[in-house]
Every structure is written in C-alpha cells, then in structure tokens.
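Summary of structural features
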Amino acid sequence: MLKFFFTRLLQAIPVLLVVITVTFFLVRLAPGGPFDAEKAVPPEVLKALEANYRLDLPVWQQYTSYVGDLVTGDFGPSFRYPGRSVNELIMAGLPASAELGLYALLVALVIGTLAGIIASLRPNTAQDYIPMSTAMIGICMPSFLLGPLLVLVFGIWLDWLPISGWGDMPGDKILPSITMGAGYAAYIARLSRGGMLEVLSQDYIRTARAKGLPERVIIFKHALRGGLIPVIAFLGPAFAGLLSGSFVVETIFQIPGLGRFFVQAAFNRDYTMIMGTTVFFAFLIVLFNLLSDVIAVWINPRLRHQAQGGH
Amino acid sequence: MALLKVTNLKVWFHTRNGVVKAVDDVSFSVDAGQTLGIVGESGSGKSVCCYSLVDLIPKPPGKIEGGTALFNGEDLLTCSAQRMGEIRGNDIAVIFQDPMTCLNPYLTVGEQLIEPLLYHRGIKRPEARLQAIDILNEVGITNPERRFNSYPHELSGGMRQRVMIAMALIAEPKLIICDEPTTALDVTIQAQILKLLRELQQKRQVAVIFITHDLAVVSEVANDVLVMKNGKVVERGTTAELFANPKEEYTQKLIAAIPSGVKPLTESVPKATPLLEVNHLRTWFRDYSVGLFSSAALKLERNIKAVDDVSLTIQRREILGVVGESGSGKSTLGRAILGLAPRTAGQIIYDGQDITQYSARQMKPLRRKMQMIFQDPYASLNPRMTIFETLAEPLLVHGLANRKTVTAQVLELMDDVGLARAYIRKYPHEFSGGQRQRIAIGRAIATKPEFIVADEPVSALDVTIQAQILDLILELVNKHNLTMMFISHDLGVVRYIADRVLVLHRGKVEEQGITEELWAAPQADYTKKLLGAIPRFANAGM
Amino acid sequence: MVAIITNTDEVLASAEQGTSLWSDAWVRLRRNHLALAGLGILIFLAIVSLLTPWIAPYGYEAQNLALGATPPSWQHWFGTDIFGRDLLTRVMYGGRMSLMVGFVATGVALVIGVLWGTVAGYAGGRVDAVMMRLVDILYALPFMIFIILLMVVFGRSILLLFLAIGAVEWLTMARIVRGQVQNLRRQEFIEAAYSLGLSRWRIVRKHLIPNTLGPVIVYTTLTIPSVMLLEAFLSFLGLGVQPPESSWGLLINNGVETMEEYPWLLIFPGLALSITLFSLNFLGDGLRDALDPRTSKD
C-alpha cells in the first residue's frame with residue numbers, strides 16, 4: 001500500500017512539472033510587459049524593478065530559477081502588491097477557502113450519498129423520482145445562478161441570512177457552502193444511486209438475502225462499499241471543480257479567499273500571483289486525485305492485493 | 001410427513017409485454033435426507049419455482065398467484081417478511097450457480113461465512129470463527145485458518161463453490177436448494193463438488209433440491225426427478241424409473257438429445273493428404289497492460305503460454321475434436337491457426353502451402369477456404385446487420401455473387417442451415433440462441449470453405465437445441481465435404497462428432513488418437529482423470 | 001445501412017421487416033416523455049436561435065434610456081434593462097451565442113475524441129498504452145485554470161474559447177470511445193468479420209462504427225450542457241464572451257449586479273440557461289436508456 005502510494009506520488013511529479021512549465025511560458029508569451037500599464041516609469045526604476053523580478057535575465061534562466069524557488073516552496077514576490085510575496089497572499093486566502101471547500105464537500109457528500117442511497121432502495125417510485133428530480137435541478141442550476149438566487153431569496157427578500165463576508169456575522173457561512181456544494185451533491189446523488197443500483201443487482205446481494213440477513217446489514221455492510229466506488233472516483237475531479245467553483249462563490253459572497261485572489265490577479269495581470277496560485281491549485285488537485293485513487297484502491301480488496309505487489 | 005410440500009404453485013411475471021406464467025401449477029415434495037432433482041431447459045421455470053419459495057424473486061414484476069408451500073407445516077408463501085428472514089439461511093439455504101459472482105468481493109470469506117451464525121444464532125465472532133474453520137475443513141479447504149481471512153478473488157472457482165457450500169451448511173439447515181451448482185465449473189472440479197455434496201448430505205441427513213439442465217448430473221445425485229417445461233411439470237418419478245422408462249415425449253426427447261454413442265468411422269479418409277499441418281505452434285501472450293502504476297507493470301510483463309508447442313495434422317474430410325478444460329488454450333489454438341490470435345513460433349501448412357508468414361493480402365484468398373464458428377451466438381453476429389446483410393457480406397466481398405444473384409444465394413444458404421426464408425430481413429436480437437447459431441453457421445459456409453474451426457459451437461445452447469445444431473453440422477460436413485476442428489469442453493459432444501480427438505491441458509497436447517480408441521484406453525493420466533469425471537447415467541445403459 | 005439493393009423476389013416481398021436496434025431505441029425513447037419534451041424544447045430553441053435576427057421583437061442595440069429598467073409587460077415580455085433595452089431580444093441573441101459555443105465546442109471535442117479513442121482502441125498494445133497515458137496526464141491538469149490563464153494572456157476571443165473548451169472536453173470522449181472500441185474488438189463478430197477476410201476499412205466502417213455510435217451520441221448530448229455551463233461560467237467571471245457580444249452567462253452576470261432592484265434581469269436569463277440544460281440532460285438520459293438499456297446507471 002505504501003509502495004503504491006509512493007509510486008503514485010512519483011507519477012505526480014511530471015504532471016506538476018508540465019503545469020509549471022506551461023504556466024511559466026504561457027505567461028511569458030503574453031503580449032506586452034508587466035509594467036506597460038504603469039505611468040511613465042523612469043528607466044532606472046524600471047531597471048531596478050526588472051532586476052527585482054529577475055526579468056533582466058534570459059528566459060531560460062528565469063525558468064530554472066523559478067522552478068528552483070518553487071522546490072523550496074518560494075512562489076516569489078507579487079507584481080501588484082509590492083513588498084508582499086505570493087506566499088503571503090496565498091496564506092492569507094487559504095484559511096477561508098479551505099474552510100469553504102470543506103463545508104461544501106461535506107454538504108455534497110452527506111446530502112448526495114444519502115439522497116442517492118434512498119433513491120436506489122426503491123427505484124422507479126416516488127422515493128426515487130423526488131430526490132432524483134431535485135438532483136437534476138441541482139445539476140442544471142450552476143453556482144453562479146444558484147448563489148445570486150439564494151442571496152435574493154434568503155438574504156434580501158426574507159432577510160434570514162447575511163449575504164456576504166466570511167466569519168464576520170453568525171450564519172454568513174451557510175449560503176456560500178450550500179451554493180458551492182449543491183451542484184456536487186446533485187452529481188454525487190446520481191452517482192451513488194447508479195452505483196448502488198448496480199451493486200444491488202449483483203449475485204452476491206442475492207446470496208446475502210438468501211442467508212436471511214436483515215435489510216440494513218445487506219445495504220450497509222454488503223452493498224455500500226461497492227456502491228460508493230463511483231463517488232470515491234469522483235472525489236478527485238470534484239475537488240478540482242470545487243476550486244473553480246470557489247472563483248465564483250468567493251466573488252459573489254465577497255469572501256477573502258484564494259479563488260477571489262486568483263480572479264483579481266487574472267484581471268490585474270499580476271503574473272507572479274497567477275503563476276503562484278496556478279501551481280498551488282495544480283498541486284492541490286494532484287494531491288486530491290492521489291487521495292481519491294488511494295482510497296479507491298484501499299476500499300477494493302482486489303486492487304489492494306495488486307497494490308501490495310501480489311499477482 | 002414430507003419436510004417440504006409444495007402444492008399448485010403459480011408464479012407469474014407481469015411484464016409490459018403481458019403476463020409470463022413462469023411457474024404454472026407445480027406440485028412436489030421433498031423428505032429429509034432425500035434429493036429431488038428438477039430438470040429443465042432455460043425458461044422452464046425451474047429456478048423461479050425454487051426462488052419463489054424463499055422470496056428471492058424480484059417483486060414486481062414477479063407475483064405468487066396461488067398455491068401453498070408447507071415447510072415443517074408452515075406455509076412459506078404466506079409467512080411474514082420477518083419470519084422469512086429467520087427461515088432463510090437458517091432452515092433453508094441456497095447454493096447458486098456461479099461462485100465467481102456470488103461471493104461479495106469486498107468482504108473476507110470468513111466474514112461472509114459466519115454471517116448466518118451472527119445474525120441467526122447470536123453467536124459471537126470468536127466462537128463463530130472456530131465453527132467456520134471447522135466447516136471449511138469439512139468441505140475440503142486446505143489451510144482453513146488462512147483461507148478464513150482471504151478475499152474471494154484469491155480463491156479458485158472450485159474453492160469458492162466449496163465456500164458457498166460451507167456457507168449453506170454452517171447454520172445446519174434442513175433444506176438446501178442447489179441451483180446449477182456445478183454448471184460454471186470444469187468437469188473435473190464438477191466431479192469433486194458433486195461427490196462432496198453427496199457425502200455431506202448423507203452425513204447430515206438434509207433434504208436437497210437440485211436444479212440443473214444436465215440430465216447426467218441429476219441421475220447421479222437425485223432420488224426423485226421432476227422434469228419441467230414452460231413452467232409446467234412434464235413428468236415425475238424416481239430417478240431409476242424415469243431414466244429407464246420415460247413416459248412423456250418431452251422427457252424422451254431430452255434423454256435422446258444427450259450426445260451419446262460413437263460416430264461411425266469415416267472410411268473414405270485418404271490418409272496421405274493432410275489438409276492442415278501444424279508444427280510446434282506456440283502462442284505466448286505478453287501481458288504489458290499498463291497497470292495502476294508503471295513500476296509494478298514492468299513486473300507484470302511476463303509470458304502466458306496459452307499454446308505451448310502443439311503439433312497436429314488434420315486429414316481432408318476429418319473432424320478433429322480438441323478437448324480441454326478452461327484455460328487449456330484450446331480456443332487460442334483454433335484462433336492462432338486462422339491467424340486471429342498471434343503466433344509466437346511454429347509453422348502452419350495448409351494444403352501444402354506454408355501460410356505461417358502470409359500477409360493479410362496473401363491470406364485473403366485463403367480466408368474464403370478457412371472459416372470459423374464461434375461459441376456465443378449472441379456476440380458473434382453484428383447486432384446492427386440483418387440476416388441478409390450478414391450472409392451477403394462474405395459472398396460479395398469474395399466476389400462469389402453479384403447484386404443480381406446474391407438474394408437467391410442467401411436464400412439457398414438459409415435453406416441449408418434450416419432458417420425460414422421469411423426471416424431474411426430480421427435482426428439477430430429477434431432470434432433464439434439456436435437460430436442465431438444457424439445464422440452464424442450459414443455465414444461460415446457461405447464462401448464454400450474447405451476447413452472450419454468450430455469453437456464450442458453448441459455449449460451456449462439448451463440440450464435439445466444442441467442436438468439439432470450438432471446434427472446440422474454433421475449434415476453440412478457431409479454435404480459440403482468439410483474438414484473441421486471441433487473445440488469443446490464437453491467430452492460427450494466430442495465423442496459424438498469427432499473422428500479423432502486431441503486432449504489439451506495447459507497449452508500442451510496430453511494425448512491424441514482415434515476417438516473410440518482413446519475412450520476405451522486412455523494413456524495419459526490427465527485423460528483418464530477427465531474421462532473419469534464425466535457424470536454418467538446410472539441406468540441409461542451407456 | 002442497407003448497402004445492397006436487392007432484386008425483386010417474391011420471398012423478399014413477403015418477408016417481414018425486422019426491427020433494427022435503432023428503431024427499437026426510438027420506440028423506447030418515445031415512451032420517455034421527459035426526454036421527448038427536452039427534444040421538443042431544444043428544437044424550438046434551435047429554430048428561435050436561427051431566426052433571431054428576423055423575429056426578435058426589438059433591435060439588439062436599441063436603447064431607450066428614457067424608459068430605463070421596467071418589469072415584464074405586454075410590450076416587453078421579459079422587461080427591459082437599465083438602458084431600456086428589451087431583455088427578450090437580448091436573451092434571444094445571448095442564446096444564439098450560448099448554443100453556438102455549446103455545439104461548436106462539442107463538435108471540436110467530438111472530432112478529436114472519437115479519432116483519438118478509435119485509434120487507441122483499435123491499435124491496442126503499446127500504442128494504446130502511450131496514447132491513453134497522455135490522456136491520463138492531461139486529465140490530471142487543472143484545465144479550468146489553464147483556460148482562465150489562456151483567456152487572460154491572449155485576450156478574450158471566441159475562437160480561443162471554442163478551442164480551449166473543446167480541448168478539455170475531448171478527453172472524456174476519447175476514453176469512452178476507446179473503451180467501447182476495445183470492448184467491441186474482443187467481440188466475436190469482429191473476429192468473424194476478420195476471418196471472413198474483410199478489409200480493415202470495411203470492418204471499421206460496417207462493424208465497428210455503427211456499434212460505437214450509440215454511446216457517442218449519448219455522451220455528445222451530455223457534453224453540450226457541460227460545455228454551455230463552462231462558457232457561462234467564464235462569461236460570468238468576465239473571461240468569456242465579451243460585450244458587445246452577449247451570452248446567457250454574461251446576461252446573468254449583468255443581472256446579478258442589479259438583482260436587488262431589477263430581479264427579472266437575473267431570473268429570465270437564468271431560466272433560459274437552466275431550461276436548456278434541463279432539456280439536454282433529460283434528452284441525454286433518455287437516449288442512454290433507449291440506446292443502451294443495460295448500462296443506464298445514473
């Protein structure tokens with residue numbers, strides 16, 4: 001298992017390297033220099049600025065030194081916020097984003113799997129149709145539409161919940177978490193329903209029934225593990241989706257998180273910040289893909305067996 | 001008093017296309033210590049009948065429409081779901097057909113084994129474990145302490161079926177329903193499992209209902225037999241009586257359909273001119289599937305010796321039977337000869353030409369002469385082509401027909417294989433298995449080939465259909481002077497159809513010879529074991 | 001499908017016409033009222049989009065500053081925005097853009113994905129391993145971020161948007177097609193076709209492609225909504241379609257700014273987007289059930 005984990009970890013390195021390289025050269029390809037927009041800067045100041053950001057060096061050296069800095073965990077200084085490093089900015093935005101992501105993931109997993117399991121127990125009845133139609137609405141209602149609508153209804157018309165901020169007022173975390181988690185809850189509901197239906201039609205469930213096991217044992221002990229495999233496989237992509245969802249949700253609810261920083265950096269052409277957050281996001285995505293793979297292998301004895309170096 | 005007495009059982013399925021009377025007015029009874037065999041072809045209702053007793057049929061669409069099933073005086077059909085939960089696994093156990101899919105892959109064998117004890121008897125885990133190890137021992141699993149913690153995929157098919165039997169026995173039920181428990185197994189494994197079941201039954205004096213399509217198996221294990229067809233009981237009686245003196249026409253037909261007896265030697269085989277010569281053929285598969293992780297994938301890069309140094313010759317107008325169990329390489333051998341599987345080494349000489357290195361272009365004229373019939377008539381026909389398109393394609397591709405004559409030729413082919421002409425515009429999914437196999441045979445003989453590889457052409461079919469297709473094949477072989485390599489796991493079928501037999505085991509030839517000589521005096525140990533494992537009629541006087 | 005025209009024969013005349021899998025699927029689809037409704041709505045939307053320049057009630061740029069934002073009325077069914085522009089007209093023009101992005105980018109994904117998947121699945125062995133490894137690596141990349149990066153760096157052109165979205169979506173298509181082809185290649189009817197001496201091209205054309213079509217159609221139907229969502233998402237962030245062009249995502253973005261005072265400016269574009277996504281998803285699900293009844297999982 002440990003060996004499997006490390007080999008997968010090693011495989012993540014080329015992916016990260018591709019991300020870093022593509023990001024770096026993409027940004028260098030951008031037309032115009034980073035300081036073009038500033039008002040006439042005296043040449044000597046410009047020179048000092050360029051030296052500060054290593055822009056005076058040949059591109060190749062810029063690249064190697066950037067990669068070198070990344071290895072030591074240094075994302076470099078920000079273009080737009082002089083005196084602040086990208087690391088500081090990331091660290092400033094991370095706590096709120098991480099918390100939001102966690103809540104959203106919880107919303108998605110808990111509501112999604114429960115709805116999916118409930119629907120799968122009585123397929124093609126009201127118990128199936130009601131949660132699944134709701135899930136379909138969730139899928140067709142993107143977060144940038146759901147968020148404003150929730151704000152409109154619960155924040156403005158009903159005035160039950162605060163409509164912006166993060167941790168400033170009681171209850172201001174509810175709407176963003178639901179906005180971000182709802183779509184994934186819907187998707188997970190469909191996945192877990194499908195997975196459960198598939199497993200419940202397997203011969204080994206019939207075997208369990210023939211043994212006279214109680215229904216709850218059949219569902220929770222025999223069916224659940226296999227039934228949730230599609231959900232676990234979806235966790236990696238879901239995490240990547242939550243990240244991009246954070247761009248929108250943090251903008252709508254004015255949450256000082258990484259997603260909003262990234263969008264702002266994109267508009268401000270703060271290149272080191274864009275590069276830094278991109279690489280950081282990529283790192284997180286790769287990490288979560290790895291985690292979901294490891295869980296998928298760990299939960300399945302057959303794969304676990306192979307991973308342990310068996311035949 | 002009978003342990004189980006079923007009277008006038010009716011189970012109907014209410015589908016969109018109408019009501020299917022899966023079980024229609026069936027009555028039977030079983031006593032303790034006795035075995036009732038229920039025999040029937042697919043769709044006869046034999047499984048539904050037994051599953052409905054323990055509430056294992058899907059409801060809806062299934063519905064029990066009437067009847068009683070008294071088990072120890074209690075009606076199984078009307079008891080509550082909770083009571084049924086107590087009976088299942090405790091008083092009545094079920095052993096299913098396919099041990100590969102019937103064990104939960106996510107739980108250890110031991111965990112699944114002790115469940116009846118945990119949930120029915122309230123026995124605690126450590127105690128249950130001891131009992132489980134005992135019973136694993138009893139069903140002949142070596143090293144039961146270790147196997148207790150194994151996962152199903154770590155066991156072979158035969159071992160898994162032993163585990164299933166242990167699981168059925170562990171709560172000491174009074175009745176065991178066995179649904180085709182050996183059908184998915186190789187013949188030698190089948191013999192072991194049947195022996196085990198018989199011994200355990202005698203020791204424990206349980207009642208057994210044994211569902212199977214295989215008459216020979218039933219004659220070995222059952223005291224009484226029930227023959228079912230289309231949901232109805234056709235005939236019943238003691239095993240000895242029923243097989244010695246079947247009264248109903250359907251039963252007689254079933255028994256007659258079992259391939260039996262010997263094919264008369266074809267005398268006109270001129271020995272001097274072999275049509276096909278295979279020398280030292282090897283097919284090794286290299287397993288370079290990119291695994292989950294590349295470093296381990298390198299380790300997986302090993303050779304699987306599917307066919308390992310096989311030499312054979314087939315004379316003109318001869319049928320060579322190739323016999324082997326699963327994994328023996330018999331299918332790969334047939335495919336490698338036709339160039340459908342890779343050839344690692346060896347030489348293939350067809351009609352005097354060495355075709356080993358032939359390119360696809362060079363092979364094309366030969367393809368017309370060498371054809372193949374596949375096992376699964378559901379998979380071997382393109383589901384999106386009509387019968388006409390399927391049969392016309394080889395004729396047109398090889399220039400054997402033009403657009404004007406093709407219809408007439410297709411119709412002639414359909415006559416040849418016994419398909420009604422009116423079906424010409426139908427699609428494969430509108431046909432039964434037997435009819436599909438006729439289409440596939442028609443496609444194979446369309447180009448008037450000389451040599452046909454038939455890979456288990458009848459093993460997916462019911463026994464009466466199987467007999468028809470075998471006779472069709474024999475008829476066509478005679479009519480068109482075909483030479484055939486007939487691959488099968490079923491020794492009875494091979495004996496019925498083949499002039500000579502080749503026994504394959506793990507990619508190597510164990511033995512070959514004239515069919516009857518080999519049957520009378522097998523030389524290799526493996527052949528002896530194989531022949532000894534065939535279930536035989538107790539009274540059928542074969 | 002019937003490539004061969006048969007001569008007249010009384011047998012043929014009396015032979016019953018079989019039901020192909022396609023007509024079977026159509027019968028199943030017709031029973032699925034939700035999917036049919038989805039199909040109907042999509043056809044309606046497509047016609048409206050094509051005819052928009054001729055049937056739109058007002059001009060696209062026509063402003064009426066004196067009127068300002070008004071709620072829905074008989075003159076303006078969807079109301080007007082702060083410049084007094086007719087919202088229905090703008091939603092119609094926005095729909096043209098959203099649907100076009102959906103279909104064109106899906107087309108890009110379809111072409112790349114089908115080609116890549118077919119080649120990998122058909123070639124098998126090492127070629128397949130290398131090609132699919134590449135897909136795996138690309139899969140692990142944070143594409144959404146790259147698209148944003150592309151839009152930032154190279155400016156926000158629609159062509160780039162098509163290419164970028166198509167470049168993300170082809171990966172799944174390639175996986176599906178490759179799985180399907182690989183599965184089919186093991187089927188005995190392909191082996192049978194080979195042993196009949198058919199040419200490779202004929203096998204691909206007559207036996208392989210017709211049988212992969214079902215899943216491809218289903219997945220295409222399900223790709224369109226996810227592409228439209230991606231476009232709307234980017235436009236919402238201000239990184240996709242740029243004014244004076246319009247799309248539903250952009251309209252929603254504008255609507256959010258003033259939703260407190262003029263909620264209809266958010267609700268109507270949102271409704272238009274959601275109903276379209278609904279229709280596509282229901283149609284996709286229905287097609288999956290109809291074309292491949294065994295694999296209808298979720």
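Residues numbered from 1 in each chain as written. Chains lettered and ligands numbered in written order. Predicted model: local features only at pLDDT ≥ 70, side-chain atom pairs only at ≥ 80, totals over all residues. Heavy atoms only, no water.

**A look at the side chain of Gln437 of chain B**
Residue and element names in this part refer to chain B. Along the chain, Gln437 falls in helix α16 (residues 433–445). Look at Gln437 and you get buried, because its relative accessible area is 0%. One polar contact links the side chain of Gln437 to the main-chain carbonyl oxygen of Phe374, over a distance of 3.1 Å. Here Gln437 is in contact with Ile373, Phe374, Gln375, Pro377, Pro457, Leu461 and Ile469, once residues within four sequence places are set aside. (Helix = DSSP H or I, 4+ residues; strand = E, 2+ residues; numbered from the N terminus. Buried < 20%, exposed > 50% of the residue type's maximum accessible area, 1.4 Å probe, protein only. Polar contact = N/O pair within 3.5 Å; in protein donor to acceptor, adjacent residues only side chain to side chain. Contact = heavy atoms within 4.5 Å.)

**A few points about helix α4 (residues 125–138) of chain B**
All names here are of chain B. For α4, built from 14 residues, the straight-helix expectation of 20 Å at 1.5 Å per residue is met to within 8% by its first-to-last C-alpha distance of 20 Å. For α4, every residue scored as buried is listed here: Ala128, Ala132, Ile133, Ile135 and Leu136. The buried residues of α4 occupy one face: seen down the axis, they fall within an arc of 170 degrees. Exposed and oriented more than 90 degrees from the buried face of α4 are Pro126, Leu130 and Asp134. Buried residues along α4 sit in contact with α3 (109–121), α5 (144–148), α6 (157–169) and α7 (187–204). With its phi angle positive at about 85 degrees, Gly140 sits one or two positions after the end of α4. (Expected span 1.5 Å × (residues − 1). Arc of directions from axis to C-beta.)

**Focus: the sheet that holds strand β16 (residues 370–373) of chain B**
Residue and element names in this part refer to chain B. The sheet built from six strands is open, its strands ordered β16-β17-β18-β13-β19-β20 with mixed pairing. Either end of the sheet is taken by a strand with one partner, and the two such strands are β16 and β20 (508–514). Within this sheet the neighbouring strands show an average axis-to-axis angle of 15 degrees, counted without direction. In this sheet, strand β19 (residues 500–505) lies alongside strand β13 (residues 319–323) in parallel orientation, the contact comprising four bridges. Across the sheet, the residue bridging to Gly321 is Val501, located in β19. Most of the contacts of helix α20 (residues 525–533) go to β19, to which it runs at about 105 degrees, and overall it touches β13, β19 and β20. (Pairing = 2+ DSSP bridges. Axes fitted to C-alpha atoms, helices over the stretch in contact; angles between N-to-C directions.)

**Things to note about the nonpolar core**
With 126 residues, the main nonpolar core has Phe144 and Phe247 of chain A together with Ile148, Phe233, Leu237 and Ile252 of chain C as its most contacted residues. The dominant element in this core, judged by the number of residues it contributes, is helix α11 (residues 264–291) of chain C, at twelve residues. Setting aside its immediate chain neighbours within four residues, Ile252 of chain C contacts Phe144 and Leu145 of chain A together with Phe236, Leu266, Pro269, Gly270 and Leu273 of chain C. The next biggest cluster of nonpolar side chains, apart from the first, holds 95 residues, and it includes Cys50, Ile177, Val206 and Val208 of chain B. (Core = buried A, V, L, I, M, F, W, Y, C linked by side-chain atoms within 4.5 Å.)

**Observations regarding the interface of chain B and chain C**
Taken residue by residue, the interface counts 47 residues in chain B and 39 residues in chain C. The junction of chain B with chain C conceals about 4100 Å² of combined surface from both sides, 56% of it contributed by carbon and sulfur atoms. At the boundary of chain B and chain C, one finds three salt bridges. With its nearest N and O atoms 3.7 Å apart, the salt bridge here joins Glu188 of chain C to Arg335 of chain B. Remark: the boundary between chain B and chain C carries twelve residue pairs in polar contact (both at pLDDT 80 or more). Counting residues per element, the ones that place at least two in the side of chain B that touches chain C are α13 (360–367), β16, α14 (387–397) and α15 (406–416) of chain B. It is α14 of chain B that provides the largest number of residues to the side of chain B that touches chain C, a total of seven residues. The residue inventory of the side of chain B that touches chain C, partitioned by class, reads 21 nonpolar, ten polar and 16 charged. (Buried area = accessible area lost by both parts, 1.4 Å probe. Salt bridge = Lys/Arg side-chain N within 4 Å of Asp/Glu carboxyl O. Nonpolar A, V, L, I, M, F, W, Y, C, P; charged D, E, K, R; others polar.)

**Quick notes on the interface of chain C and chain A**
If you look at the interface, chain C gives 40 residues, while chain A gives 46 residues. Summed over both partners, the interface of chain C with chain A comes to about 3700 Å²; 81% of that surface belongs to carbon and sulfur atoms. Along the contact surface separating chain C from chain A lie one salt bridge. In this structure, Arg190 of chain A and Asp285 of chain C form a salt bridge, with 3.1 Å as the shortest nitrogen-oxygen distance. Linking chain C with chain A are two residue pairs in polar contact (both at pLDDT 80 or more). Among the secondary structure elements, those contributing two or more residues to the side of chain C that touches chain A are α5 (125–140), α6 (143–154), α9 (200–237), α10 (248–257) and α11 of chain C.

**Quick notes on the confidence of the model for chain B**
All names here are of chain B. Per-chain confidence: chain B averages 86 in pLDDT, with 93% of residues scoring 70 or above. Within chain B, the element-level pLDDT minimum falls on helix α11 (residues 294–300), averaging 41, and the maximum on strand β18 (residues 483–488), averaging 94. This stretch, residues 288–301, has a pLDDT under 50; its non-local contacts, to residues over four places away or in other chains, come to 29 contacts. Contacts from residues 538–542, a stretch scored under 50 in pLDDT, to residues over four places away or in other chains number four contacts. For this predicted complex, the interface confidence comes out at an ipTM of 0.78, alongside a pTM of 0.81. (pLDDT = per-residue confidence, 0-100.)

**Let's talk about the packing of helix α7 (residues 174–200) of chain A against helix α9 (residues 215–227) of chain A**
Residues and elements named next belong to chain A. Here α7 crosses α9 at 120 degrees, and the two axes come no closer than 8 Å. One finds that α7 runs oblique with respect to α9. Here α7 and α9 pass one another in a crossing that is right-handed. Mapping the contact onto sequence places Ser192, Gly195, Met196, Val199 and Leu200 in α7 and Ile219, His222, Ala223, Leu224, Gly226 and Gly227 in α9. (Parallel < 35°, antiparallel > 145°, perpendicular 65-115°, else oblique. Left-handed = near helix turned anticlockwise from the far one by under 90°.)

**Some thoughts on a nonpolar patch on the surface**
Together, Val153, Trp157, Leu158 and Trp160 of chain A together with Ile41, Ile267, Leu271 and Ile275 of chain C make up a nonpolar patch on the protein surface, roughly 730 Å² of accessible area in all. Listing elements by their share of the nonpolar patch, those giving two or more residues are α6 (143–157) of chain A together with α11 of chain C. For the nonpolar patch, the leading source of residues is α11 of chain C, giving three residues. Relative to the assigned elements, Trp157 of chain A resides in helix α6. (Patch = residues over 30% accessible without salt bridge, like charges linked within 9 Å, V, L, I, M, F, W, Y side chains within 5 Å. Areas by Shrake-Rupley, 256 points an atom, 1.4 Å probe, with all protein chains shown as cover.)

**A look at unusual backbone geometry**
Residues and elements named next belong to chain B. Even without glycine at this site, Gln205 takes up a positive phi of about 55 degrees. Along the polypeptide, Gln205 turns up in the loop between α7 and β8 (207–212). In this structure, Asn481 is a non-glycine residue whose phi angle is positive, near 50 degrees. Tracing the backbone through its elements, the reader meets Asn481 in the loop between α17 (463–479) and β18. Residue Asn481 is classed as partly exposed on the basis of its relative accessible area of 42%.

**Considering the sheet that holds strand β6 (residues 92–95) of chain B**
All names here are of chain B. Across the sheet, which stays open at both edges, the six strands sit in the order β6-β7-β8-β3-β9-β10 with mixed pairing between neighbours. In this open sheet, the two edge strands, each paired with only one partner strand, are β6 and β10 (232–238). Strand after strand, the sheet turns through a mean of 15 degrees between neighbouring axes, direction not considered. As paired strands, strand β9 (residues 224–229) and β10 are joined by six bridges and run antiparallel to one another. In the strand pairing of β10, Leu226 is matched with Arg236.

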